[in-house]
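Examination of the molecular architecture
Spelled out, the chains give:
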Amino acid sequence: LLFFSGLTATEKKLAEYKCNTNEAIQLKLVRFPEDLEDENTTFNPEYSHQVFGDDEVAFGYKGLKILLYYIAGNLSTLFRIEYTSRVNEKFDCVEADDVESKIREIIPPGFCTNTDDFVSLLEKEVNFKPFGMLLHTYSIHNEEAGEDITYQIYKADMTCPGFREYHERLQTFLMWFIETASFIDVDDERWNYFLVFEKYNKDGATLFATVGYMTVYNYYVYPDKTRPRVSQMLILPPFQGEGHGAQLLETVHRYYMSSPTVLDITAEDPSENYVKLRDFVLVKLCQDLVCFSPVKLMQGFSQEMVTEAQQKLKINKQHTRRVYEILRLRATNMGDAEQSRSYQLDVKRRLIGPYKKKQRELAKMRRCLRPEEMTNQLNQIDLNLQREQLEESFQQLVSDYRRVLERLAQA
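These numbers were taken from a predicted model, which means no experiment stands behind them. (Residues numbered from 1 in each chain as written. Predicted model: local features only at pLDDT ≥ 70, side-chain atom pairs only at ≥ 80, totals over all residues. Heavy atoms only, no water.)

What UniProt calls "active site" (unreviewed entry) maps, in this numbering, to Glu 268. Assignment of secondary structure puts Glu 268 in the loop between strand E14 (266-267) and helix H10 (272-286). Since its relative accessible area comes to 36%, Glu 268 is described here as partly exposed. (UniProt positions renumbered as here; feature names shortened; annotations may be inferred. Helix = DSSP H or I, 4+ residues; strand = E, 2+ residues; numbered from the N terminus. Buried < 20%, exposed > 50% of the residue type's maximum accessible area, 1.4 Å probe, protein only.)

Written out as structure tokens, the structure reads:
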């Protein structure tokens, strides 16, 4: 008994040395020395499982703080670990996790480890200028500051002096904010980089702060075209919800629109948020095309829509279909039974495609399977269930589409 109670006491003691890494990691984008002490400028990761495992826990410390502070523009980094106490191999017979080496694996060398060095780098920040070619300038009214703030979007590549090192620091943020992030092969020249910066004033000078970025890979399409595919897109947390993602995606579309060799633009494994953003941007771009006039929308989805959206705006067929459904919803009076029914049928016909395919596969199987094998397969496909799922998918889509239309009405 004594032995067991001793064990639980040890377990209890060791449990106190577990820290949630999403809370322990403290990120900052620093513009002024006073930002270092200001808790309002701190933000935390959404994810840390790629560095600290699925539990997102670091063992062996109490009051663990992993400080990763970046200078707002060129992202020079301060990395420090602080804790109130740590397990001791001698007394506790266990070893603390090597937090430092885990972080060192993802941040490039050349970071500061003390605040004084970091602050002296901050004074040189006035020399930092965005990389590459300016594509777009826009401004957003900031309630807090009571003024319009100017932002700029640039296209950069690895030939820009200093960009390679800057990009290495920038991509470390992916680990904390994209669930399945990976670093890219920067030596492959097919990558394009699009960067968003905020212009701000400090002691009468104009400085630039990093807001976010997007990487796009240019796939070759036989014989002489490319198909740019959006790989990663991140707006840093202090800037989220201000409309920068939409500005960035629209700017990238406009950049490729002017190129005769681009076929259309796709995305790799898009997140739910990215799909919502893309819906908004593409609908905004398409709504003034002749083929999307209310009269034509009511006549149904057409090849004309596919062709015009691809040729003028570099939008692929699948995305054009979504744009059509959203704009047709706007043109439809859902209070009118006939219009509403016609819209439902049109969308559900597309949604049922995968089910129909399954049915065709079943028919094929029927011809070559023994009856007892068939019943097992058939049980998976119950028509009533299909109808329910179809209705659910439709309702979910319509509510997503309405949100896009609301945002469009405010734009």
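Next comes the rest of the description.
Across the sheet, four strands lie side by side as E3-E2-E6-E7; this open sheet has mixed pairing. The open sheet has two edge strands with one neighbour each: strand E3 (42-43) and strand E7 (77-82). Summarising the sheet, strand E2 (residues 25-30) and strand E6 (residues 65-71) pair through six bridges and their orientation is parallel. What sits directly across from Leu 29, in E6, is Tyr 70. Lying over the sheet, helix H6 (residues 115-122) contacts E2, E6 and E7, oriented at roughly 20 degrees with respect to E6. (Pairing = 2+ DSSP bridges. Contact = heavy atoms within 4.5 Å. Axes fitted to C-alpha atoms, helices over the stretch in contact; angles between N-to-C directions.)

Time to look at the domain arrangement of the protein chain. Taken domain by domain, the protein chain holds domain 1 (13-125) and domain 2 (129-330). For domain 1 and domain 2, the distance between their C-alpha centres works out to 31 Å. Listed as interface residues are 28 residues of domain 1 and, on the opposing side, 26 residues of domain 2. When the two sides are added together, the surface that domain 1 and domain 2 hide from each other amounts to roughly 2,400 Å², 65% of it contributed by carbon and sulfur. On the domain 1 side of the interface with domain 2, the three residues burying the most area are Arg 31, Tyr 47 and Gln 50, jointly 27% of the side's total. At the boundary of domain 1 and domain 2, one finds one salt bridge. A salt bridge links Glu 198 to Arg 31; the shortest N-O distance between them is 2.9 Å. (Domains from an automatic or database assignment. Buried area = accessible area lost by both parts, 1.4 Å probe. Salt bridge = Lys/Arg side-chain N within 4 Å of Asp/Glu carboxyl O.)

The next point concerns empty space enclosed by the protein. In this structure the tally under the stated criterion is one cavity of 30 Å³ or more. Each pocket or cavity is described by its volume, and for the largest cavity that value is around 60 Å³. Residue lining of the largest cavity: Val 230, Leu 249, His 253, Ile 265, Thr 266, Ala 267, Tyr 274, Arg 278, Leu 282, Ile 315 and His 319, and that is the complete set. Broken down by secondary-structure element, the contributors of at least two residues to the lining of the largest cavity are helix H9 (244-257), E14 and H10. (1 Å grid on protein atoms, 1.4 Å probe; cavity = no way out; pocket = protein on both sides within 12 Å on 5 of 7 lines; lining within 4 Å. Points joined across faces, edges and corners; volume = space filled by probe spheres on them.)

Turning our eyes to something else, we now look at the layout of surface pockets. When its volume is computed, the largest pocket comes out at roughly 1,200 Å³. Looking at the lining of the largest pocket, the elements with two or more residues in it are strand E13 (225-235), H9, H10 and helix H17 (383-410). Here the lining of the largest pocket is composed, by residue class, of 17 nonpolar, eleven polar and nine charged. Roughly 870 Å³ of internal volume is contained in the second largest pocket. Every residue lining the second largest pocket is counted, 31 residues in all, and those nearest its centre are Arg 31, Asn 142, Ile 149, Glu 198 and Phe 239. Considering each element in turn, the lining of the second largest pocket owes the most residues, five residues, to strand E10 (residues 147-156). Considering only residue class, the lining of the second largest pocket consists of 13 nonpolar, eight polar and ten charged. For the lining of the second largest pocket, the domains that each give at least three residues are domain 1 (13-125) and domain 2 (129-330). (Nonpolar A, V, L, I, M, F, W, Y, C, P; charged D, E, K, R; others polar.)

What follows is about the sheet that holds strand E9 (residues 133-142). Spatial strand order, E9-E10-E11-E12-E13-E14: six strands in an open sheet with mixed pairing. At either end of the open sheet lies a strand with only one pairing partner, and these are E9 and E14. As paired elements, strand E12 (residues 205-221) and E13 share ten bridges and run antiparallel to each other. The residue bridging Thr 215 from the neighbouring strand is Gln 232, located in E13.

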